[in-house]
Amino acid sequence: MEIKKYQQMMNERIEKTVNRWEKRETVSEDELYRFFHNVKGTSGTIGMSELKDIASHHLEFLEEKSGKLWTESEWRVLLKELPVYKSEKEMPVTENIWTGDLTEQEERPFILIIDDDVEFVTFIKDYLESNGFQTIIALTGEKGLELFYDMKPSLIILDYILPDIDGIAVLKQLLEKAQKEFTPIVMMSAHSSSENRARAYEMGAFDFIGKPIDKNLFIPFINNRLKFRDRVNNFVLQDELTGAYNRKYLTIELTKQIKKLAEKTTPAFSYVMVDLDHFKQVNDNYGHLVGDEVLKKFVELFKRVARPEDSICRYGGEEFTFILPDTTRHQAEARVSTFRELLSEQKFQSESDTFTVTFSAGIKEVDNGSFHPKMIMEHADKALYMAKDSGRNKTIIFDRELEKVETSDSLTIIIVDDDEVVRGMLTHHYRKKGEISGRPIEIRDYDNGISFLNDKWYKRNQQYIVLLDGMMPKMDGVEVLKQLRDHYPKKDIIVSMLTARKGELEVARALNLGADDYMVKPFNVKEVSARIDRIASRVLHP
Amino acid sequence: MKKILVADDEDILRMLIVDTLEDLGFEIEEAEDGQEALEKLEEGNFDLAILDYMMPEKTGLEVIQSLSKETKNNIQLVMLTAKAQEQDRQIALNAGADYFIAKPFSPTELSAVVEEILA
């Protein structure tokens with residue numbers, strides 16, 4: 001049978017639909033939904049898999065019976081990607097989003113690029129991203145170190161010579177840290193003398209690559225190193241820095257304890273979620289090295305009061321989990337309190353200061369084997385949140401009442417872009433998504449920088465992610481950024497610039513003025529979403 | 001000759017199914033929505049019906065639910081579904097569907113299933 005015949009019919013169908021819609025003011029979302037639903041159902045069967053993927057992607061963002069009406073420039077964005085349509089007609093809107101790249105971005109490895117050469121950085125970022133990697137860039141070693149701590153990249157690409165070279169200490173710290181976490185560091189330089197290469201290896205680089213890079217080799221090379229890292233991490237059960245167990249072990253141990261309960265060999269165990277209070281301030285005020293010392297000591301002290309069967313796992317940055325077998329919640333509370341006392345007596349030294357640290361804890365007692373690990377974690381997390389919310393340095397036990405408590409402060413995403421389509425798409429996406437890492441999202445959007453700067457959106461101790469278009473009438477994005485950085489505290493506001501291709505100069509200026517990230521248009525919503533999830537993880541642990 | 005009703009509002013897919021099954025030598029009738037499917041099934045002597053889950057007028061599920069007992073006993077019901085959810089399948093199974101084919105399917109897969117059922 002000639003399958004081409006049906007493919008041809010499908011293409012004609014799309015053409016016809018477009019022609020019909022063009023004659024109208026608006027198209028309802030319901031129609032769009034049904035159109036893509038039918039396309040999806042049929043295209044896979046007649047061997048048009050690309051079309052099927054695009055249709056199912058769009059369906060995720062469309063709602064049946066939503067009542068929303070789409071204008072021509074809006075629905076054209078969706079139609080433009082369809083293979084048949086793409087080749088023939090140009091979209092009438094000026095800036096386009098969504099390039100139809102549909103690979104799942106959340107899973108993509110994350111690469112940190114540290115290099116002061118803006119031209120090279122933008123080139124390599126572009127190249128890596130077009131090959132399916134996520135990247136984040138830093139123009140200085142200092143910034144690179146900060147991003148390394150905050151964002152946990154899978155691989156680091158590092159310029160051999162960085163501008164703050166008296167920050168050789170920074171470099172050393174970065175390299176040591178990366179080695180401990182089995183994160184491959186690739187050094188790059190235009191000066192690939194054997195002397196330089198030797199120095200790089202001595203410093204702890206995994207690899208040294210000369211600039212300009214060989215495009216045929218680069219991606220296979222990166223994949224090779226990432227694969228190696230994955231494999232290593234699969235074997236590792238301990239956190240290298242603190243000696244606590246890691247998350248992988250946590251899952252194993254938790255499953256084991258639940259199984260023991262199910263077999264009724266033990267009456268209950270307690271799962272304690274712990275977070276150091278204001279740890280970011282420790283890092284900011286005294287440096288990451290001192291911060292690392294605190295984490296190490298924290299684990300050491302816990303081990304001092306722990307029984308052999310207890311375990312401590314590093315859950316994330318400054319978050320830990322205790323698993324206490326054969327322990328009721330009240331026993332757990334008492335033991336946490338003993339540990340709290342011990343920690344409060346511990347004095348930490350920085351160059352200029354002596355300080356102490358405190359923590360907040362949430363306890364979940366598990367007394368039957370029917371609990372799902374996720375549920376246990378969520379309950380403990382809720383209790384921990386309450387402990388933080390009610391003043392920190394305390395322990396809260398999870399009970400039924402807490403279940404009803406609305407956790408978490410919101411995270412505000414602000415979109416500043418004169419392009420209505422971009423604003424519409426992103427707003428729509430985030431309304432639907434509703435939360436990031438359990439934090440409810442609030443969305444604001446502005447069609448120009450001046451009304452954004454003049455509006456009273458800022459509240460202290462709230463977290464913001466600002467997506468800022470680089471090219472806007474009235475005041476361009478870079479100027480808006482400058483004003484933003486001059487007038488608002490930097491720490492709670494993450495800025496990502498949305499920029500047109502070939503805007504290298506603009507990118508350089510933006511990064512120098514304190515942008516945290518940038519995304520190149522055209523982009524698709526999923527990609528933006530994945531990036532923002534990642535970026536959000538930086539501000540979500542204050 | 002065995003007689004099959006193909007009910008799907010999506011005309012390209014319906015034509016493809018019809019062509020595929022006609023090539024196998026079956027006698028085919030078509031329906032463009034659930035109501036038409038129901039009427040045809042009650043009138044004609046079909047051996048098998050291929051019903052899309054999502055159809056206007058009546059869904060595939062509603063068609064099955066509305067069939068008379070007698071018709072239901074004499075016919076094999078195949079449901080095409082994009083909703084692969086267990087729940088939908090369970091409901092349809094309880095209502096009397098005999099087989100499921102998840103969209104997208106290949107024409108070969110469809111032929112195989114139909115031949116198997118009517119063998």
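Everything numeric in this text was worked out from a predicted model, so none of it was measured.

A tally of regular secondary structure across chain A gives 21 helices and 20 strands. Summarising its shape, the C-alpha atoms of chain A cover approximately 75 × 60 × 55 Å along the three principal directions. Evaluated residue by residue, chain A yields a buried proportion of 54% over its 542 residues. A fraction of 69% describes how many contacts in chain A between residues 6 or more apart in sequence connect residues 24 or more apart. Charge separation in chain A, taken as the distance between the mean sites of 78 positive and 92 negative side-chain charges, equals 3 Å.

Turning our attention to the domain arrangement of chain A. Here the domain parsing of chain A yields domain 1 (3-86), domain 2 (110-235), domain 3 (247-403) and domain 4 (411-539). Computed over C-alpha atoms, the centres of domain 1 of chain A and domain 3 of chain A are 51 Å apart.

Quick look at the UniProt feature "modified residue: 4-aspartylphosphate" (unreviewed entry) in chain A now. Residue and element names in this part refer to chain A. UniProt marks Asp-159 and Asp-469 with the feature "modified residue: 4-aspartylphosphate" (unreviewed entry), using the numbering shown here. On the basis of their most widely separated C-alpha atoms, the annotated residues across 311 residues do not gather in one place, lying as much as 28.5 Å apart. Within the secondary structure layout, Asp-159 lies in strand S5 (residues 155-159). Judged by relative accessible area, Asp-159 falls into the buried class, the value being 8%.

For side chains bearing opposite charge, pairing can occur when the charged atoms are close. All names here are of chain A. Throughout the structure, instances matching the rule amount to 35 salt bridges over all chains. The salt bridge partner of Arg-423 is Asp-445, with a shortest N-O separation of 2.9 Å. Residue Arg-423 is found in helix H17 (residues 420-433), and its partner Asp-445 is found in strand S17 (residues 439-446); the two are separated by 22 residues along the sequence. Residue Asp-517 pairs with Arg-531 through a salt bridge whose shortest N-O separation is 2.6 Å. Placement of the pair is Asp-517 in strand S20 (residues 517-521) and Arg-531 in helix H21 (residues 525-539), with a sequence separation of 14 residues. Across this residue pair, the class does not change: Asp-517 and Arg-531 are buried. Counted as one network, the salt bridges with shared partners bring together Lys-125, Glu-129, Asp-517 and Arg-531.

What follows deals with the packing of helix H11 (residues 247-262) of chain A against helix H15 (residues 373-389) of chain A. Helices that pack against each other are described as a pair by the angle of their axes relative to one another and the distance between those axes. All names here are of chain A. In the contact formed by H11 and H15, the axes pass within 10 Å of each other and the chain directions differ by 105°. In terms of orientation, H11 and H15 fall into the roughly perpendicular class. For the pair formed by H11 and H15, the contact residues are Leu-250, Leu-254 and Ile-258 on the first element and Pro-373, Ile-376 and Met-377 on the second. Partitioning the contact of H11 with H15 into residue classes produces 6 nonpolar, no polar and no charged.

Turning our eyes to something else, we now look at the packing of aromatic side chains. All names here are of chain A. Counted according to the given criterion, the structure contains 23 aromatic pairs over all chains. When the ring of Trp-457 is compared with that of Tyr-488, the centres are 4.8 Å apart and the planes differ by 25°; the resulting orientation is stacked. Of the two residues, Trp-457 sits in the loop between helix H18 (449-454) and strand S18 (463-469) while Tyr-488 sits in the loop between helix H19 (477-487) and strand S19 (493-500), which places them 31 residues apart along the sequence. Comparing Trp-457 with Tyr-488, the two get one shared label, buried.

Here the focus is H17 of chain A. When the terminal C-alpha atoms of H17 of chain A are compared, their 20 Å separation across 14 residues agrees well with the 20 Å that a helix rising 1.5 Å per residue should span. Gly-434 of chain A sits one or two residues past H17 of chain A and shows a positive phi near 80°.

Residues and elements named next belong to chain A. Following Lys-211, the chain continues to Pro-212 via a peptide bond in cis, the omega torsion being -5°. With respect to the helices and strands, the residue Pro-212 is situated in the loop between strand S7 (207-210) and helix H10 (215-235). The phi angle at Asp-326 is positive, at roughly 50°, despite the residue not being glycine. Overall, Asp-326 belongs to the partly exposed group, its relative accessible area being 41%. Phi is positive for Asn-393, which is not a glycine, with a value near 50°. For Asn-393, a relative accessible area of 37% corresponds to the partly exposed category.

The calculated volume of the second largest pocket comes to roughly 630 Å³. Surrounding the second largest pocket, 25 residues form its lining, Arg-34, Phe-35 and Asn-38 of chain A together with Asp-9 and Glu-10 of chain B being those nearest its centre. Taken together, the elements giving at least two residues each to the lining of the second largest pocket come down to helix H1 (3-22) and helix H2 (29-43) of chain A together with helix H1 (11-23) of chain B.

Glancing now at the UniProt feature "modified residue: 4-aspartylphosphate" (unreviewed entry) in chain B. All names here are of chain B. The UniProt record marks Asp-52 with the feature "modified residue: 4-aspartylphosphate" (unreviewed entry), using the residue numbering of this structure. Relative to the helices and strands, Asp-52 resides in strand S3 (residues 48-52). Residue class for Asp-52 comes out buried when judged on its relative accessible area of 4%. Residues within four places of Asp-52 in sequence aside, it is in contact with Ala-7, Asp-8, Asp-9, Gly-60, Leu-80 and Lys-103.

Time to look at the pairing of strand S13 (residues 359-366) of chain A. Residue and element names in this part refer to chain A. For S13, a buried count of 8 out of 8 residues is recorded, marking the element as mostly surrounded by other parts of the structure. Burial along S13 is two-sided: Phe-359, Ala-361, Ile-363 and Glu-365 facing one way and Ser-360, Gly-362, Lys-364 and Val-366 facing the other are all buried. The pairing of strand S8 (residues 269-276) with S13 spans 8 bridges and is classified as antiparallel. Bridging across to S13, Val-274 finds its partner in Ala-361. Note on the crossover from S13 through H15 to strand S14 (residues 395-397): the handedness is left-handed.

All names here are of chain B. Reading across from one edge, S2-S1-S3-S4-S5 is the order of the 5 strands in this open sheet, with parallel pairing throughout. Only two strands of the sheet have a single neighbouring strand rather than two, namely strand S2 (27-31) and strand S5 (99-102). Taking each pair of neighbouring strands and ignoring which way they run, the sheet shows an average axis angle of 20°. In this structure, strand S1 (residues 3-7) lies alongside S2, joined through 5 bridges in parallel fashion. Residue pairing across strands places Val-6 opposite Glu-30, the latter belonging to S2. Docked against the sheet, H1 engages S1, S2, S3 and strand S4 (76-81), running at close to 170° with respect to S2. Along the sheet face, helix H6 (residues 107-118) touches S1, S3, S4 and S5 and points at about 145° away from the line of S3.

The rules behind the values
- Residues numbered from 1 in each chain as written.
- Chains lettered and ligands numbered in written order.
- Predicted model: local features only at pLDDT ≥ 70, side-chain atom pairs only at ≥ 80, totals over all residues.
- Heavy atoms only, no water.
- Helix = DSSP H or I, 4+ residues; strand = E, 2+ residues; numbered from the N terminus.
- Buried < 20%, exposed > 50% of the residue type's maximum accessible area, 1.4 Å probe, protein only.
- Contact = heavy atoms within 4.5 Å.
- Lys, Arg positive; Asp, Glu negative; His and termini not counted.
- Charge placed at Lys NZ, Arg CZ, Asp CG, Glu CD.
- Domains from an automatic or database assignment.
- UniProt positions renumbered as here; feature names shortened; annotations may be inferred.
- Salt bridge = Lys/Arg side-chain N within 4 Å of Asp/Glu carboxyl O.
- Axes fitted to C-alpha atoms, helices over the stretch in contact; angles between N-to-C directions.
- Parallel < 35°, antiparallel > 145°, perpendicular 65-115°, else oblique.
- Nonpolar A, V, L, I, M, F, W, Y, C, P; charged D, E, K, R; others polar.
- Phe/Tyr/Trp six-rings, centres within 6.5 Å; stacked < 30°, edge-to-face > 60°.
- Expected span 1.5 Å × (residues − 1).
- 1 Å grid on protein atoms, 1.4 Å probe; cavity = no way out; pocket = protein on both sides within 12 Å on 5 of 7 lines; lining within 4 Å.
- Points joined across faces, edges and corners; volume = space filled by probe spheres on them.
- Pairing = 2+ DSSP bridges.
- Right-handed = clockwise from strand over helix to strand, strands pointing away.

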